[in-house]
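One letter stands for each residue in the lines below.
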Amino acid sequence: MSLHATVAAVTDRIIERSRASRSRYLDLIRSERERGVTRTSLACGNFAHGFAASGEDKPAIRGGRATNIGIVTAYNDMLSAHQPYGRYPEQMKMFAREVGATAQVAGGVPAMCDGVTQGLPGMELSLFSRDTIAMSTAIGLSHGMFESAALLGICDKIVPGLLIGALRFGHLPTILIPAGPMPSGLANKEKQRIRQLYAEGKATREELLEAESASYHGAGTCTFYGTANSNQMMMEVMGLHMPGAAFVNPGTKLRQALTRAAVHRLTEIGWNGNDYRPVGLCVDEKAIVNAAVGLLATGGSTNHAIHLPAIARSAGILIDWEDLDRLSGAVPLIARVYPNGSGDVNHFQAAGGVGFVIRTLLEHGLLHADIMTVAGESLADYAREPVMDGDAIAWRDSPAAPLDLHMLRSASDPFQPDGGMRLVRGNLGRATFKTSAVGPERWTIEAPARIFSDQNQVLDAFRAGELERDVVVVVRFQGPRANGMPELHKLTPILGVLQDRGFKVALVTDGRMSGASGKVPAAIHVTPEAKGGGPLARLREGDIVRVSAESGELDALVPEAEWEARDSAETPQPASGTGRELFALMRRGADGAEQGASAMLAAMEEEFA
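In short, a report on the structure. (Residues numbered from 1 in each chain as written. Predicted model: local features only at pLDDT ≥ 70, side-chain atom pairs only at ≥ 80, totals over all residues. Heavy atoms only, no water.)

## Brief notes about the overall build of the protein
Working step 1: Looking only at helices and strands, the protein features 24 helices and 14 strands.
Working step 2: At 24 Å, the protein has a C-alpha radius of gyration in line with the 25 Å of a compact globule built from 609 residues.
Working step 3: Every one of the 609 residues in the protein was classed for burial, and the buried ones make up 61%.
Working step 4: Taking all contacts inside the protein whose residues are at least 6 apart in sequence as the whole, residues at least 24 apart take part in 77%.
Working step 5: Summed over all atoms, the accessible surface of the protein reaches about 22400 Å², with 52% contributed by carbon and sulfur. (Helix = DSSP H or I, 4+ residues; strand = E, 2+ residues; numbered from the N terminus. Rg over C-alpha atoms; globule rule 2.2 N^0.38 Å. Buried < 20%, exposed > 50% of the residue type's maximum accessible area, 1.4 Å probe, protein only. Contact = heavy atoms within 4.5 Å. Areas by Shrake-Rupley, 256 points an atom, 1.4 Å probe, with all protein chains shown as cover.)

Below, the structure is given as structure tokens:
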């Protein structure tokens, strides 16, 4: 089928907007390939340092003829998603030797967990950990010892950070290697029920901990469809995984076979062969549009309204929320994965998974098939699923129809006709509204504002019974420049309680939510943020606020003259402790959420425009 007109128009819009910056980027990666630091250009002393500890691989690395793969790993054994990576480097070195290549760990990057830091001071480091990861990736790859790269990462900021960093080495062929989701535990809806009971004082802390432990119970990624699992889907529709790699459980024979295939493939697409596929060419405007389409079609994380522009900028590509909004109007919602449905990513995988999603979206002209992927001739090769054929891996066509219509639908028979992530805008700024988990009867909320500058203030007001009414809860001074733009999921259970009691409730914030944002209507990532004079700082207690995904409104219903005459509320003093003071430079230089909320990218573009 020919490409959908809206997908084509948005792609053309991005190409035109990005023409100058993309051209500069392509010049950069050509120059790095031709004149950059490589093993063959290193002086003997430099080179000797690079292979001194490489053991049995020393002769091959020293010889300089075989591909040497740089591994950048987010391993730690505190986080379930990244714990499986502990043994990957040694396995990958063996897989490389099978085809006459070598591999070295180029560096490690931090991997923090929003689940652990949720509602705590460490969450204010979360968003900026993405840029820290990008810079750490660049440091690892800066030694010039590698002809390709393998990126080991899964979760929220880790995959965007790894990819942003790797794209500054866009001449290197690069594959992202996931570790897979943990097996299913306690159903996510039951976990959410216990959380709401606890918020109401109807469940004990021990009952809450038991529910959480039964949900997050082993090695692997959390099974709800939040930012981590949205990352994996996006890497597939961009063609940066081996096909079907996203949602295979850790510790299985198939999981190891996929890692082995990725290592072998990196030697086939290296720069000394006839099938050179550098990551800077794989990630082009069409691949970025594919990532957005996949995100919308599956009800993925709203965090990617921030991460996707940042990834794109690292490759010289400029996208905005209007692009996402236009695509959302054309792309149907075809997946219902918790919190948008009852099943988790393992159920999604069993129903047909990303392979079926790619198949049906290609059949309906909603994805670009003609992108350079790391495997196969086009994205059509990703409409397949991996299986073990004896001791060897093979790929077969994904199901022609979904195997569970409660989880997955064809693009011709969707759950809803649009992608569930809309742009709302008005005199309060621009924001993202995720509709896919929110009942249509709640897509428009008009109610008096109750204003807070800290999520703990909201909890206190709830416990005091002050929110027992129709209300728009406004939590401001949560933007990247104010306090690092933390996620505010601590509020989800109590707002859900108020909604279940029959009140009209919405959240408006310049902070973040994610794929786990749940059933409460929310205008999030408001930009410009309140700090520095953004319009949220003009709101007053009791102002009527209208939030509507149907009409795209985000307005304080205040006479214009009065609105313009108002002074801005005073910005709270930034907090210290838990290392937050070390990130003052990132807060001070961060640009807006719609651009990716990055001081690093803003400074890069200013200096090298």
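## Digging into the pattern of salt bridges
Think of it this way: side chains of opposite charge can pair up when their charged atoms draw near.
Working step 1: Following the criterion strictly, the structure yields 44 salt bridges and no others.
Working step 2: Across the salt bridge formed by Glu322 and Arg13, the nearest N and O atoms sit 3.7 Å from each other. Linking Glu322 in helix α16 (residues 321–330) with Arg13 in helix α1 (residues 5–17), this pair joins segments that are 309 residues apart in sequence.
Working step 3: For Arg13, a relative accessible area of 23% puts it in the partly exposed group. (Salt bridge = Lys/Arg side-chain N within 4 Å of Asp/Glu carboxyl O.)

## What to know about the sheet that holds strand β4 (residues 174–177)
Strand pairing in a sheet relies on backbone hydrogen bonds. The paired strands run either parallel or antiparallel.
Working step 1: With respect to topology, four strands assemble into an open sheet ordered β2-β1-β3-β4, the strand pairing being parallel. Among the strands making up the open sheet, the edge pair consists of β2 (102–108) and β4. The average undirected angle you get between the axes of adjacent strands in this sheet is 25 degrees. (Pairing = 2+ DSSP bridges. Axes fitted to C-alpha atoms, helices over the stretch in contact; angles between N-to-C directions.)

## Let's talk about the nonpolar core
Working step 1: Core analysis: the largest hydrophobic core is formed by 126 residues, its most contacted members being Leu163, Met238, Leu240, Ile288, Phe348, Ile358 and Leu361.
Working step 2: No other element matches helix α14 (residues 285–298), which puts nine residues into this core.
Working step 3: Formed by 29 residues, the second largest nonpolar core is a distinct cluster that contains Val438, Phe477, Ala482 and Val526. (Core = buried A, V, L, I, M, F, W, Y, C linked by side-chain atoms within 4.5 Å.)

## Things to note about unusual backbone geometry
Working step 1: A cis amide bond links Tyr338 with the next residue in sequence, Pro339, at an omega value of 15 degrees.
Working step 2: If you trace the backbone, Pro339 turns up in the loop between α16 and α17 (345–351).
Working step 3: In this model, Thr527 is joined to Pro528 through a cis peptide bond whose omega is 0 degrees.
Working step 4: Of note, Pro528 is situated in the loop between β12 (522–527) and β13 (544–548).

## Regarding the packing of helix α7 (residues 126–141) against helix α8 (residues 158–167)
Working step 1: Direction vectors running N to C along α7 and α8 enclose 40 degrees, while the axes themselves pass 7 Å from each other. Here α7 is positioned oblique relative to α8, judged by the angle of their axes. In this structure, α7 meets α8 at a crossing whose hand is right-handed. Counted together, Arg130, Ile133, Ala134, Thr137 and Leu141 of α7 and Ile158, Pro160, Gly161, Leu162, Ile164, Gly165 and Ala166 of α8 form the full contact between these two elements.
Working step 2: Classifying every residue of the contact of α7 with α8 gives eight nonpolar, three polar and one charged. (Parallel < 35°, antiparallel > 145°, perpendicular 65-115°, else oblique. Left-handed = near helix turned anticlockwise from the far one by under 90°. Nonpolar A, V, L, I, M, F, W, Y, C, P; charged D, E, K, R; others polar.)

## Regarding the pairing of strand β7 (residues 421–426)
Working step 1: Two elements, β7 and strand β8 (residues 429–434), share six bridges in a ladder whose sense is antiparallel. Opposite Gly426, over in β8, you have Gly429 as the bridge partner.
Working step 2: Taking the residues between adjacent antiparallel strands as the criterion, β7 and β8 are bridged by two residues.

## So, the packing of helix α5 (residues 88–97) against helix α12 (residues 253–268)
Working step 1: For the pair α5 and α12, the least separation of the axes is 9 Å and the interaxial angle reads 55 degrees. Taken together, the axis directions place α5 and α12 in an arrangement best described as oblique. In this structure, the crossing between α5 and α12 has a hand that is right-handed. Listed contacts from α12 to Tyr88, Gln91, Met92, Phe95 and Ala96 of α5 are Arg255, Gln256, Thr259, Arg260, Val263 and His264.

## Things to note about helix α24 (residues 599–608)
Working step 1: Every buried residue belonging to α24 is among Ala599, Leu601 and Met604, and all of these are buried.
Working step 2: Each element contacted by the buried residues of α24 is listed here: α7, α8, α15 (304–314) and α23 (584–589).
Working step 3: With a side-chain oxygen positioned 3.3 Å from the backbone nitrogen of Met600, the residue opening α24 is Ser598. (Polar contact = N/O pair within 3.5 Å; in protein donor to acceptor, adjacent residues only side chain to side chain.)

## Structural notes on the packing of aromatic side chains
What characterises a pair of aromatic rings is the spacing of the ring centres plus the angle enclosed by the ring planes.
Working step 1: Overall, the coordinates contain four aromatic pairs when judged by the stated rule.
Working step 2: Considering the side-chain rings of Phe247 and Phe348, the 6.0 Å spacing of their centres and the 75 degrees angle between planes classify their relative orientation as edge-to-face. Taken as a pair, Phe247 in the loop between α11 (227–237) and α12 and Phe348 in helix α17 lie far apart in primary sequence, 101 residues in all. Like Phe247, the residue Phe348 is buried in the burial classification.
Working step 3: Through a chain of ring-to-ring contacts, three or more aromatic side chains come together here, namely Tyr225, Phe247 and Phe348.
Working step 4: Of note, Arg33 hangs over the ring of Tyr276, and the distance from its end group to the ring centre comes to 5.6 Å. (Phe/Tyr/Trp six-rings, centres within 6.5 Å; stacked < 30°, edge-to-face > 60°. Lys NZ or Arg CZ within 6 Å of the ring centre and 35° of its normal.)

## Some remarks on the environment of Ala287
Working step 1: The topology assignment puts Ala287 in helix α14.
Working step 2: The spacing of Ala287 and Met238 is 49 residues in sequence and 5.0 Å in space, taken between C-alpha atoms.
Working step 3: Apart from residues no more than four positions distant in its own chain, Ala287 is found in contact with Met238, Cys282 and Ile371.

This is a description of form; function is not addressed.
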